[in-house]
Amino acid sequence: MEDSVIKVSGLCKSYKKHEVLHDFSLTVQRGHICGLIGPNGAGKTTVMKIMGGIVKQDRGGIEFFGSGEELGKSRERMSFMIEQPIILGLMTARDNIEYIRLLRGYPDDRRVDEILELVGLADTGKKQANKFSLGMKQRLGIGMALLPKPEIMVLDEPVNGLDPEGIVEVRQLIKRMQEEWGVTVLISSHLLSELSELCTDFSILRRGTLVENLSRDDLLVKCRGHISVRTNDINKTAAVLENRLSIHEYKVVHGEEIHIFERLAEVERISQTITDSGLIITRLCKEGQNLEEYYLEKVGEQHE
C-alpha cells in the first residue's frame, strides 16, 4: 500500500517584497521518483531548502513520514543535495566519502567501498576530485548523500550542466537507488525532457505556484498524438468505435472524453460514423505535443 513520505501544503515564502512561493503543495509517495519541474526562478530550490530546514517558510505545513512533529529527527532519515555538492577538491573520492562517514558518525567503514562501487567511482584511485568531470562530481555528491542509507533523497538539479553521457549516468544511478535500495527521490530540473524517462510523478511550477501534478502515464497520454472526442454518451461512443470502426486503441479520460490513438488521419470518417450512430459530438479535435511543447505551454515561457 502506498503512503506519503513527504507532504507540504500551502507553502508561502517571500524575500522582502518578492514572493517566491505562493500556496505550494506537494505529496510524494514512498518508493516514487518525483520530479519538481520549472524554469529557473520558479521556486524549486526554495521548496527544497524549506524541506531541509535551511530556509523557514512564511506560512504552510510540512510532514515527513506522516508526521509534522520533530522534523529535525525526520531529516536524519533523509539526505539533501541542494545546489552544488560540497566536495573537497584536493581529496580523492574515497577520502571525501570517508570524511562524510566520520562527520556523520557512521560506524561501518565497509560502506565507503560499497558507495564507491555503486556510483561508479571505485577505480578513481588517487585522482583528486578537482580533476573529476562534472558528471563524476555529481555522482560523488550523490554517493556522499547516500552514505547514511537515507529513506528519502532530495536532489536539486543534479543533471544541470552535464553532457548527455553524464545525464545518462546520473539517471541510471538514481533509478538504481530507487529499484535496489527502495530510496524515495525528489529531484528538480528546469527541463522536463531530462527527467521524463526517470520520474514516476511530476509537479510543474511557475513563478512559485503549482501548475499541475501528474503521473508519468498521464504525461505520456497528454503528449501522445490523439483524436479527442466528447459526445452526449461516452459509453455508446466507445461501443461505436469498437464495433463500427474496429478502433481498440483508445482511452476514456475522466468518464467524459475519449482519446483515440490510432487512425489519426481519418478524423472525418470517425466523426461521420459517430454522428450516423445518433450521437451528438460536443468536441472533436486532434491533440498532442512533444514534451518540450507541453512543458513550455504549462510554464508560459514562450510568452516571456
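Quick note: structure is the one above.
Owing to the predicted nature of the structure, the values given are computational and were not obtained by experimental measurement.

Visitor: Help me out: how do you make sense of the layout of surface pockets in this one?
Guide: Empty space among the atoms becomes visible once a probe the size of a water molecule is rolled across them. Of the pockets and cavities examined, the largest pocket occupies roughly 520 Å³. Lining the largest pocket we find 21 residues, and of these Phe-80, Met-81, Ile-86, Ile-100 and Arg-104 sit closest to its centre. Secondary structure elements with two or more residues in the lining of the largest pocket: helix H2 (71-75), strand E5 (78-81), helix H3 (93-104) and helix H5 (134-146). With 5 residues, H3 is the single largest residue contributor to the lining of the largest pocket. For the lining of the largest pocket, the per-class residue count stands at 13 nonpolar, 5 polar and 3 charged. Size it by volume and the second largest pocket reaches roughly 430 Å³. Lining the second largest pocket are 20 residues, with Asp-218, Val-221, Lys-222, Val-253 and His-259 sitting closest to its centre. Counting only elements with at least two residues in the lining of the second largest pocket, the list comes to strand E9 (209-215), helix H8 (216-223), strand E10 (226-231), strand E11 (250-253), strand E12 (257-260) and helix H11 (291-299). Its residues assigned to classes, the lining of the second largest pocket comprises 4 nonpolar, 6 polar and 10 charged.

Visitor: How should I be thinking about the environment of His-32 in this particular structure?
Guide: One can find His-32 in the loop between strand E2 (18-29) and strand E3 (33-37). What makes His-32 buried here is its relative accessible area of 15%.

Visitor: How should the pairing of E9 be read in this particular structure?
Guide: A regular strand places its side chains on the two faces of the sheet in alternate fashion. As paired elements, strand E8 (residues 201-206) and E9 share 6 bridges and run antiparallel to each other. By the bridge assignment, Ile-204 is partnered in E9 with Glu-212.

Visitor: Any chance you could explain the environment of Asp-123 here in plain terms?
Guide: You can see Asp-123 is positioned in the loop between helix H4 (110-118) and H5. Here Asp-123 falls in the exposed class, since its relative accessible area comes to 68%. Sequence spacing of Asp-123 and Ala-93 is 30 residues, and the spatial spacing of their C-alpha atoms is 9.7 Å.

Rules used in this analysis
- Residues numbered from 1 in each chain as written.
- Predicted model: local features only at pLDDT ≥ 70, side-chain atom pairs only at ≥ 80, totals over all residues.
- Heavy atoms only, no water.
- 1 Å grid on protein atoms, 1.4 Å probe; cavity = no way out; pocket = protein on both sides within 12 Å on 5 of 7 lines; lining within 4 Å.
- Points joined across faces, edges and corners; volume = space filled by probe spheres on them.
- Helix = DSSP H or I, 4+ residues; strand = E, 2+ residues; numbered from the N terminus.
- Nonpolar A, V, L, I, M, F, W, Y, C, P; charged D, E, K, R; others polar.
- Buried < 20%, exposed > 50% of the residue type's maximum accessible area, 1.4 Å probe, protein only.
- Pairing = 2+ DSSP bridges.

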